[in-house]
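# Fold and contact review
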Amino acid sequence: DSGVTQTPKHLITATGQRVTLRCSPRSGDLSVYWYQQSLDQGLQFLIQYYNGEERAKGNILERFSAQQFPDLHSELNLSSLELGDSALYFCASSLTGGSDTEAFFGQGTRLTVV
Amino acid sequence: GENVEQHPSTLSVQEGDSAVIKCTYSDSASNYFPWYKQELGKRPQLIIDIRSNVGEKKDQRIAVTLNKTAKHFSLHITETQPEDSAVYFCAASAATGFQKLVFGTGTRLLVSP
């Protein structure tokens, strides 16, 4: 167990809908990251937050947004869902979010868009 | 931006053999190179990492080597066991104020008893 908690574990929804994925980082970690894992794209960095502020953006679509709350949990919002958004979404956390700090992954949320 | 290539895509070995997975990166500013193990349907699990000021790091049966000049790093697993069977990902992160891991495409390792 990495100490990073993600909910829900599985999510099935229809195209055009909106969903929210939730992540609680390890105790003491200030930074959270979101990654998308799909068969054709592999593991892709989406976005990073540190202590409530956005720090880095990767290949995140405009239909997707995220935030980190004062209690350090984070949510990833996916809207206008398309079939191609079906993937495993991982949250990871690290102590400082610096370039060379260890990042620990949660169990992931498997999103299926039908 | 950074690009990480990983080889081979699949690797089959007999129990007790050694396994080597190689990665190359493109951004000379990268300074952190973690390796993750992912079992089917589970989370990527950090197994070892190396920073650019170190050439080699070892932890029991696993070791990682880094050649900054050639921009490649490798994972070595000795005395492989069936429970080592999984997909292994290398990653690289540039020396900026934040971490943005760029992952390789993964190597599926199968260790046969």
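This structure is a prediction, so every number in the text was calculated from the model and none was measured. (Residues numbered from 1 in each chain as written. Chains lettered and ligands numbered in written order. Predicted model: local features only at pLDDT ≥ 70, side-chain atom pairs only at ≥ 80, totals over all residues. Heavy atoms only, no water.)

### Here's the deal with the overall build of chain B
A count of helices and strands for chain B gives zero helices and 11 strands. In chain B, the succession of helices and strands from N to C terminus is β-β-β-β-β-β-β-β-β-β-β. Taken over C-alpha atoms, the radius of gyration comes to 14 Å for chain B, in line with the 13 Å a tight globule of 113 residues would show. Burial statistics for chain B: of 113 residues in total, 45% are counted as buried. In chain B, the proportion of contacts linking residues at least 24 apart, taken out of those at least 6 apart, comes to 54%. Summing over all exposed atoms, chain B offers an accessible surface of approximately 5,500 Å²; the carbon and sulfur share of this is 48%. Distance between charge centroids for chain B: 6 Å, based on 12 positive and 12 negative side chains. (Helix = DSSP H or I, 4+ residues; strand = E, 2+ residues; numbered from the N terminus. Rg over C-alpha atoms; globule rule 2.2 N^0.38 Å. Buried < 20%, exposed > 50% of the residue type's maximum accessible area, 1.4 Å probe, protein only. Contact = heavy atoms within 4.5 Å. Areas by Shrake-Rupley, 256 points an atom, 1.4 Å probe, with all protein chains shown as cover. Lys, Arg positive; Asp, Glu negative; His and termini not counted. Charge placed at Lys NZ, Arg CZ, Asp CG, Glu CD.)

### Structural notes on the interface of chain B and chain A
In this complex, chain B contributes 22 residues to the contact, which on the side of chain A involves 23 residues. Here chain B and chain A share an interface that buries about 1,900 Å² over both sides, 53% of which is from carbon and sulfur atoms. The tally of links from chain B across to chain A stands at one salt bridge. The salt bridge involving Arg51(B) is made with Asp100(A); its shortest N-O contact spans 3.6 Å. Counting across the interface, chain B meets chain A through four residue pairs in polar contact (both at pLDDT 80 or more). Secondary structure elements with two or more residues in the side of chain B that touches chain A: strand 4 (30–38), strand 5 (45–51) and strand 9 (86–94) of chain B. A total of four residues in the side of chain B that touches chain A trace back to one element, the largest contributor, which is strand 4 of chain B. (Buried area = accessible area lost by both parts, 1.4 Å probe. Salt bridge = Lys/Arg side-chain N within 4 Å of Asp/Glu carboxyl O. Polar contact = N/O pair within 3.5 Å; in protein donor to acceptor, adjacent residues only side chain to side chain.)

### Concerning the environment of Ser65(A)
Residue and element names in this part refer to chain A. Relative to the helices and strands, Ser-65 resides in strand 7 (residues 64–68). Taking the relative accessible area as the measure of exposure, Ser-65 reaches 35% and is therefore partly exposed. Each C-alpha atom of the pair Ser-65 and Ile-47 lies 8.9 Å from the other, and the pair is 18 residues apart in sequence. Discounting residues that sit within four places of it in the chain, Ser-65 has contacts with Glu-75, Leu-76 and Asn-77.

### Thoughts on the state of the cysteines
Across all of its chains, the model carries two disulfides over all chains by this definition. Two residues share a disulfide in this structure: Cys23(A) and Cys91(A), whose sulfurs sit 1.8 Å from each other. Between Cys23(A) and Cys91(A), the S-S dihedral sits near -55°, and the bridge is therefore left-handed. Highlighted residues: Cys23(A) in strand 3 (residues 19–24) and Cys91(A) in strand 9 (residues 87–94), separated in sequence by 68 residues. When its relative accessible area of 0% is taken as the criterion, Cys23(A) is described as buried. Look at Cys91(A) and you get buried, because its relative accessible area is 0%. Two residues share a disulfide in this structure: Cys23(B) and Cys90(B), whose sulfurs sit 1.9 Å from each other. (Disulfide = S-S within 2.5 Å.)

### Let's talk about the pairing of strand 11 (residues 107–112) of chain B
Residues and elements named next belong to chain B. What you see with strand 11 is a clean split: Thr-107, Leu-109 and Val-111 sit on the buried side and Arg-108, Leu-110 and Ser-112 on the side with no burial. Where strand 2 (residues 10–14) meets strand 11, five bridges bridge the pair, whose relative direction is parallel. Each bridged residue has a counterpart across the sheet, and for Ser-12 the counterpart in strand 11 is Leu-110. Pairing between strand 9 and strand 11: three bridges, direction antiparallel. Residue pairing for strand 11: Val-87 is matched across the bridge by Arg-108. (Pairing = 2+ DSSP bridges.)

### Here we look at the side chain of Glu2(B)
All names here are of chain B. With respect to the helices and strands, Glu-2 occurs in the segment before strand 1 (4–7). Of the polar contacts made by the side chain of Glu-2, one reaches the backbone nitrogen of Ser-26; its length is 2.7 Å. A polar atom in the side chain of Glu-2 sits 2.3 Å from the side chain of Ser-30. Apart from the residues lying within four places of it in its own chain, the contact partners of Glu-2 are Tyr-25, Ser-26, Asp-27, Ser-30, Ala-92 and Val-102.

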